[in-house]
Amino acid sequence: ILSPIIEMAKQTASSPGNYQSVWAELVKLADSANRPAPLIGYSDGEGVKYQDSIGVKFFTKDALKKRMKRSGAIAP
């Protein structure tokens, strides 16, 4: 559900292969007034807040790092 949003963040990140750069853009998207669905906000200490079919969940910086490593987007 977050794949398109992560791709959006990569496109605007200064370094698309750096999870910290992508994270910064993801937080900007979540905090923006016109945030894309399924994002519903950002909570310091919890992560990017989003809604899926089950309910509200949080996506963390660590989860992004792991996801980018698995996909080969960043070196292990």
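Criteria and cut-off values
Note that residues are indexed from 1 along each chain, following the sequence as it is written. Two thresholds apply to this predicted model, a pLDDT of at least 70 for residue-level local features and 80 or more for giving and counting side-chain atom pairs, whereas whole-chain, interface and lining totals are computed over all residues. Side-chain numbers come from the whole structure's heavy atoms, not from hydrogens or water. Helix and strand labels come from DSSP, where a helix needs a run of H or I of at least four residues and a strand needs a run of E of at least two; each type is numbered from the N terminus. Contacts were defined at the residue level, with two residues in contact if any of their heavy atoms lie within 4.5 Å. Between 30 and 60 degrees the pair is tilted, below 30 it is stacked and above 60 it is edge-to-face, where a pair is any two Phe, Tyr or Trp rings, Trp via its six-membered ring, whose centres lie within 6.5 Å. Only protein chains enter the accessibility calculation, which uses a 1.4 Å probe. A residue is then buried if its area is under 20% of the maximum for its type, exposed if over 50%, and partly exposed in between.

1. With respect to the side chain of S21
For step 1, the next point in the chain: Within the secondary structure, S21 is located in helix α2 (residues 19-31).
For step 2, the next point in the chain: Residues in contact with S21, not counting those within four places in the same chain, are A13, S14 and S15.

2. Some thoughts on the packing of aromatic side chains
For step 1, the next point in the chain: The final tally for this structure, using the stated rule, is one aromatic pair.
For step 2, the next point in the chain: Between the aromatic rings of W23 and Y42, the centroid separation amounts to 6.3 Å while the plane-to-plane angle is 70 degrees, which identifies the pairing as edge-to-face. Residue W23 is located in helix α2, and its partner Y42 is located in strand β1 (residues 39-43); the two are separated by 19 residues in the primary sequence.
For step 3, the next point in the chain: For W23, a relative accessible area of 9% translates into the label buried.
For step 4, the next point in the chain: You can call Y42 partly exposed: its relative accessible area is 27%.

Everything listed is a geometric property; what it means functionally is a separate question.
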